[in-house]
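Chain residues, written in single-letter form:
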Amino acid sequence: MKSAQIKLSLKIIIMALFLTATLVISANASDADMTGIWNMDVTTPNGTGTPVFTLKQEGQKLSGTYKGKFGEAPVTGMVKGNTFEINYDSSGVPIKYSGTIDGNNVMGDVDFSSYGGGSFTGEKE
């Protein structure tokens with residue numbers, strides 16, 4: 001009887017250790033880090049562009065600047081896991097970049113409000 005109790009106790013301990021390790025790994029999984037300078041390549045039906053975003057990330061919050069065809073503008077945004085959104089205003093037109101992050105590379109869609117949209121790829125310097 002003692003042998004069966006020991007085996008059961010060991011199984012419980014092993015299961016508890018496995019669950020603890022899983023929780024620790026999940027707790028350490030964090031949002032991607034977008035702090036830095038990002039060089040983008042944008043493609044739209046109306047042409048292409050190569051804007052540069054200089055971003056600072058604090059938690060899930062993004063701030064920084066846009067510099068490109070539409071001049072310069074402050075940006076805001078968010079990061080959640082491996083997805084992100086960057087927003088800024090150009091002459092009263094809200095512009096939104098939304099995409100995914102894979103290390104030092106990004107890709108996604110850009111929305112120029114009523115002026116249409118396009119796609120982009122980018123790389124962190």
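All of these numbers come straight from a predicted model, not from anything done at the bench. (Residues numbered from 1 in each chain as written. Predicted model: local features only at pLDDT ≥ 70, side-chain atom pairs only at ≥ 80, totals over all residues. Heavy atoms only, no water.)

Student: Hey, could you go over the overall build of the chain for me, with residue numbers and the actual values?
Tutor: Within the chain one finds 1 helix and 9 strands. Across the chain, helices and strands are ordered from the amino to the carboxyl terminus as α-β-β-β-β-β-β-β-β-β. Relative to all contacts within the chain whose residues are 6 or more apart in sequence, the contacts with residues 24 or more apart total 28%. Working note: accessible area of the chain is about 8,300 Å², and carbon and sulfur atoms make up 60% of it. (Helix = DSSP H or I, 4+ residues; strand = E, 2+ residues; numbered from the N terminus. Contact = heavy atoms within 4.5 Å. Areas by Shrake-Rupley, 256 points an atom, 1.4 Å probe, with all protein chains shown as cover.)

Student: Account for the nonpolar core, with residues named and values stated.
Tutor: Grouped together as the largest cluster of nonpolar side chains are 23 residues, with contacts concentrated most on M34, F53 and Y97. Among the secondary structure elements, those contributing two or more residues to this core are β1 (36-44), β3 (52-58), β4 (61-68), β5 (71-80), β6 (83-90), β7 (93-102) and β8 (105-111). Of all the elements, β7 adds the most residues to this core, at 4 residues. With residues up to four places along the chain from it excluded, the contact list for M34 reads L55, Q57, L62, V79, F84, I101, V106 and K124. (Core = buried A, V, L, I, M, F, W, Y, C linked by side-chain atoms within 4.5 Å. Buried < 20%, exposed > 50% of the residue type's maximum accessible area, 1.4 Å probe, protein only.)

Student: Residue-level account of the packing of aromatic side chains, with values.
Tutor: Tallying each qualifying case throughout the model produces 8 aromatic pairs. In textbook terms, an aromatic cluster arises when at least three aromatic residues are bridged by ring pairs, as seen for F53, Y66, F84, Y88, Y97 and F120. (Phe/Tyr/Trp six-rings, centres within 6.5 Å; stacked < 30°, edge-to-face > 60°.)

Student: I'd like a rundown of the pattern of salt bridges, residues and numbers included.
Tutor: Under the criterion given, the structure shown has 1 salt bridge. With its nearest N and O atoms 3.1 Å apart, the salt bridge here joins K56 to E58. According to the relative accessible area criterion, K56 is partly exposed, its value standing at 46%. (Salt bridge = Lys/Arg side-chain N within 4 Å of Asp/Glu carboxyl O.)

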